[in-house]
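Overview (structure and organization)
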Amino acid sequence: MEKINLKELELRFRADLAQKRVLYLGNNLEFSDVIYVSKAITWMNAQDTDASITLRINSNGGSIPVGLDIYDIIRESKAPVVGIVMSRANSMASIVLQGCVRRIALPHATIFLHRVNTDVHMEESVFAGDTLDFRAHKKRMGKVIRDGEKYQTILEKIYSKRSGQDIKKIRSLVAGNGTHLSAQKALRLNLVDEIKNQ
């Protein structure tokens, strides 16, 4: 019996979709997805800048820099990129969706918005009696919090600009544990443009 090479299967899957001008983002967004989206969109734009590109999203999100890189690549595409939320666009995947010229959700899809996570935990035992380590860690904590606040402002502006909601409304959606939005609620808030097959 022939062994299935999952990496080879994934590459074949992505290549077949690219021929149809379709991209797929699933699981957690990683740096390899930035490379994949960048190469695919560059290739598709070289083929035709008028025909649309479909980005199918079924992702829990991922790192902020990765999500913002993909968002920028999509926005820079000359060919229009249409995003379709198949099941979920959580966290940074919801930001990627906002980069698309048209944002579509399937009827039972969900979108999750939340604040940037700046939780920094400190092991007391590690720093017991070591003032230098404590100060270094405190400095790192400060940087993480400052970076988190900077990113939070960027993300709030993206949601606000695309949805037309004011920053205060966006902050209420991301406050606390965040907000899970049904496709219908996302449409009412203008975070998607259409619900497909409703």
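Shown above is the structure to which this text applies.
Residues numbered from 1 in each chain as written. Predicted model: local features only at pLDDT ≥ 70, side-chain atom pairs only at ≥ 80, totals over all residues. Heavy atoms only, no water.

It is worth spelling out the overall build of the chain at this point. Assigned secondary structure in the chain consists of eight helices and seven strands. Every one of the 198 residues in the chain was classed for burial, and the buried ones make up 42%. The contacts of the chain with a sequence gap of at least 6 include a subset with a gap of at least 24, amounting to 70%. Accessible surface for the chain amounts to roughly 11800 Å². Of this, 52% is attributable to carbon and sulfur atoms. (Helix = DSSP H or I, 4+ residues; strand = E, 2+ residues; numbered from the N terminus. Buried < 20%, exposed > 50% of the residue type's maximum accessible area, 1.4 Å probe, protein only. Contact = heavy atoms within 4.5 Å. Areas by Shrake-Rupley, 256 points an atom, 1.4 Å probe, with all protein chains shown as cover.)

On the secondary structure map, Thr-179 appears in strand β6 (residues 179–182). For Thr-179, a relative accessible area of 16% corresponds to the buried category. Among the polar contacts made by the side chain of Thr-179, one reaches the main-chain carbonyl oxygen of Leu-173 at a distance of 2.5 Å. Sequence-distant contacts of Thr-179, that is, excluding residues within four places in its chain, are made with Ile-111, Phe-112, Leu-113, Ser-172 and Leu-173. (Polar contact = N/O pair within 3.5 Å; in protein donor to acceptor, adjacent residues only side chain to side chain.)

Right, let's talk about the nonpolar core for a bit. Side chains of nonpolar character tend, in soluble globular proteins, to be buried together. Counting 48 residues, the largest nonpolar core has Leu-23 and Leu-55 as the members making the most contacts within it. Take this core: its biggest share by element is seven residues, from helix α3 (residues 64–76). Contacts of Leu-23, omitting those with residues within four sequence positions, involve Tyr-36, Val-37, Ala-40, Ile-41, Met-44, Ile-53, Thr-54, Leu-55 and Arg-56. (Core = buried A, V, L, I, M, F, W, Y, C linked by side-chain atoms within 4.5 Å.)

Here we come to the packing of helix α1 (residues 6–19) against helix α2 (residues 31–47). Contact pair α1 / α2: the axes reach a minimum separation of 11 Å and the direction vectors enclose 30°. One finds that α1 runs roughly parallel with respect to α2. Handedness of the α1/α2 crossing: right-handed. Contacts between α1 and α2 involve Arg-14, Ala-18 and Gln-19 on the former and, on the latter, Asp-33, Tyr-36, Trp-43 and Met-44. Class assignment of the residues belonging to the contact of α1 with α2 gives a composition of four nonpolar, one polar and two charged. (Axes fitted to C-alpha atoms, helices over the stretch in contact; angles between N-to-C directions. Parallel < 35°, antiparallel > 145°, perpendicular 65-115°, else oblique. Left-handed = near helix turned anticlockwise from the far one by under 90°. Nonpolar A, V, L, I, M, F, W, Y, C, P; charged D, E, K, R; others polar.)

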